[in-house]
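An overview of the molecular structure
Here is what each chain is made of, one letter per residue.
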Amino acid sequence: MKHPPFPRCIIVVLDGLGIGELPDAKDYGDEGSNTIKNMAMVAGPLKIPCLERMGLGLIEEMPGIKKVENPEAFYGKMSEASSGKDTTTGHWEIAGIITKEPFALFPNGFPEEIIDQLRKITGYDIIGNFAASGTEIVKLLGEEHIKSGKLILYTSADSVFQIAAHEDVVPPEKLYEICRKARDILNRYRVARVIARPFRGEKGNFYRTEGRRDFSMPPPEETVIDELKAAGFDVIGIGKIGEIFAGRGLTRSMKSTNNRDTMEKLLYAMEIVEEGLIFANFIDFDMLYGHRNDPFGYARALENMDSMLSELLGRLRGDDLIFITADHGCDPVTPSTDHSREYVPLIVYSPSFSKTGSLGIRETFADIAQTIREDFSLSPGKWGRSFLDEILR
C-alpha cells in the first residue's frame, strides 16, 4: 500500500449547521430553512474570522459573512442523497452509506405493541408517548414521573425513541440498561436512535444532565471507518460518533460533554494518532440552540467554535487533511424546532495546500468517504465521488 498523501484525516461535524434548503425541502416542511444565513440575519454580524478565511462566505451569499479573495481552504456544499434529515442518516452518509429507505417516524406516538414489549422486558410503565421538546416534556411530566416511577417516553419529527428519567428515580446506568433493551425491540421497526435523557432538579427547576446516551441501529453495510480499521489504521470517534455507528469501526471512542470538551479530546487524539482518521461531532449547535430556536445562543456558539478551529488549525501537521461539515440543518429561526432538510457546508483544509478553490455542489455527503478511501488506497465505495485529485492539483 502506497503512503497516503494525507496520512491523518480529521472530520469535524458541526451538528445541525445547514446552509440552505435542499430542492426537496418542501417535502419535509422545511421551505425557507437556512441555518447559517437566517441566524446571521437575526443574531449577526457573526465574528467568525477563521471560517471566513477558509471561504465560508464564498459558499453562498450570507449577510455579514465576508467573502475573501484568496481563501485558505477548498469550499463548497453537499446535498444529502439519503432519505431523511436525522443525525444517523447524515453521519452514515458522510462515512459512505446512502440510506434510501427512511427510518420510521412516529409523530403521533408509538403503537401499543411496542409499549407492551417495553413494559414486559423492563418492568416499567410509561407516561407521555407523544412528540415534544425534551425540556418541555420534563416540565410537564417530571413531577408525575417522580411520584409514579413511570418512565417519560417521547419522540420528535425525527426517528427517535427518547426516555427521560430523574436520576434519583432511575439511576443513569439503569436507564441505559432500559434503553439497550428498547434498542433490541426497535431494530425491526427501523427506529434510528434510542436516547437516554437523565435529568435532575425539582418541580419548576428540572434540568437535563450531561448523561445523555444514544443507542443507534448498526449501519447496514461497511463504512469507510470499518475499512480503515480493518486496514490497520487508527480510527477515533469523539462525542456521539461511537453511538451513531453502534461502536463499529472504531479503535477508540471518546465521549464528550460539550463543544469545548470535544475539542480538547480532538486535540488529545491528534497527539496519539499518527495515521488514520479522527471523527468528531460537535453537538452544542443542534442540542442547545437549534432545537430550542435560540439564534443568539447559536451565533455565540459558532463564534466560540471559530476560535477553537483557529487553535486546531495551528496544531495541524503539514500533511494533515481536515474536513469541516455538518450532518443536516437545524434552523433556529424558522417555527420548527426540529432538524431541517438542507445542504451542508464543506470546507477542506491542509497546511500543505498551495492552491484552493471551489468544490462546487457535491451530490452526496459520501464524497468525503470516497476521498478518504482514495487517500488511503482503499477500494472505492459504491457511493460518492472523490475530490482528492482536485485538492492535490
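The model shown is predicted, which means the values in this text are computed figures rather than measured ones.

Moving on, we get to the environment of N70. Position of N70 among the secondary structure elements: in the loop between α3 (56-59) and β2 (74-78). Residues N70 and F106 lie 36 residues apart in sequence; the distance between their C-alpha atoms is 47 Å.

Bringing the nonpolar core into the picture now. Counting residues in hydrophobic clusters, the biggest one holds 90 residues, and the most contacted among them are V12, L266, V348, I372 and I391. The element best represented in this core is helix α12 (residues 295-314), accounting for nine residues. Apart from residues no more than four positions distant in its own chain, L266 is found in contact with I10, V12, I238, I278, A280, F282 and L312. If you look at the next biggest cluster of nonpolar residues, it comprises 25 residues, including L118, A165, C179 and V194.

This part takes up the pattern of salt bridges. In the structure shown here, the tally under the stated rule is 36 salt bridges. Its salt-bridge partner being E80, residue R341 comes within 3.6 Å of it at the nearest N-O pair. Here E80 lies in the loop between β2 and α4 (87-94) and R341 lies in the loop between β12 (320-325) and β13 (344-349), a separation of 261 residues in the sequence. Owing to a relative accessible area of 4%, R341 belongs among the buried residues under this scheme. Note that R119 and D116 form a salt bridge whose closest N and O atoms lie 2.8 Å from each other. Highlighted residues: R119 and D116, both in helix α5 (residues 112-122), separated by three residues, approximately one helical turn. Owing to a relative accessible area of 32%, D116 belongs among the partly exposed residues under this scheme. Each of R8, E274, R317, D319 and D320 takes part in one network of salt bridges that share partners.

Let's shift gears to the side chain of Q117. Among the secondary structure elements, Q117 is positioned in helix α5. With relative accessibility at 19%, the residue Q117 sits in the buried group. A distance of 3.0 Å separates a polar side-chain atom of Q117 from the backbone oxygen of E113. When sequence neighbours within four positions are dropped, the list of residues in contact with Q117 reads I185, R188 and Y189.

A word on the packing of helix α1 (residues 35-43) against α12. Axis separation between α1 and α12 bottoms out at 9 Å; the angle between their running directions is 105°. Viewed along their axes, α1 and α12 adopt a mutual orientation that is roughly perpendicular. Across from T35, M39, V42 and A43 in α1, the residues of α12 making contact are P295, F296, Y298, A299, R300 and L302. Tallied by class, residues from the contact of α1 with α12 come to eight nonpolar, one polar and one charged.

Okay, the packing of helix α10 (residues 259-272) against α12 next. Pairs of packed helices are described in terms of their axes, by the angle between the two and the distance that separates them. In contact at an axis separation of 11 Å, α10 and α12 are set at 5° when each is read in the N-to-C sense. Considering the angle they form, α10 stands roughly parallel to α12. Where α10 abuts α12, its residues N259, R260, M263, L266, L267 and M270 lie against M305, M308, L309, E311 and L312. When grouped by side-chain class, the residues that make up the contact of α10 with α12 number eight nonpolar, one polar and two charged.

This part is about the packing of aromatic side chains. Counted under the stated rule, the structure contains 12 aromatic pairs. Note on F106 and F110: the rings are 4.8 Å apart at their centroids and 35° apart in plane angle, and the pair reads as tilted. A single burial state applies to F106 and to F110, both of which are buried. Ring centres of Y349 and F353 lie 6.5 Å apart, and the angle between their planes is 85°; this geometry places the pair in the edge-to-face category. Both residues of the pair, Y349 and F353, count as buried. Of the aromatic side chains, those joined through ring pairs into one cluster are F6, F74, Y349 and F353. For the cation-ring pair, K77 lies above Y343, with the distance from its terminal atom to the ring centre recorded as 4.3 Å.

Take the environment of G20 next. On the secondary structure map, G20 appears in the loop between β1 (8-14) and α1. Excluding its chain neighbours within four sequence positions, the residues that come into contact with G20 are S33, N34, E342 and Y343.

About the criteria used
Residues numbered from 1 in each chain as written. Predicted model: local features only at pLDDT ≥ 70, side-chain atom pairs only at ≥ 80, totals over all residues. Heavy atoms only, no water. Helix = DSSP H or I, 4+ residues; strand = E, 2+ residues; numbered from the N terminus. Core = buried A, V, L, I, M, F, W, Y, C linked by side-chain atoms within 4.5 Å. Buried < 20%, exposed > 50% of the residue type's maximum accessible area, 1.4 Å probe, protein only. Contact = heavy atoms within 4.5 Å. Salt bridge = Lys/Arg side-chain N within 4 Å of Asp/Glu carboxyl O. Polar contact = N/O pair within 3.5 Å; in protein donor to acceptor, adjacent residues only side chain to side chain. Axes fitted to C-alpha atoms, helices over the stretch in contact; angles between N-to-C directions. Parallel < 35°, antiparallel > 145°, perpendicular 65-115°, else oblique. Nonpolar A, V, L, I, M, F, W, Y, C, P; charged D, E, K, R; others polar. Phe/Tyr/Trp six-rings, centres within 6.5 Å; stacked < 30°, edge-to-face > 60°. Lys NZ or Arg CZ within 6 Å of the ring centre and 35° of its normal.

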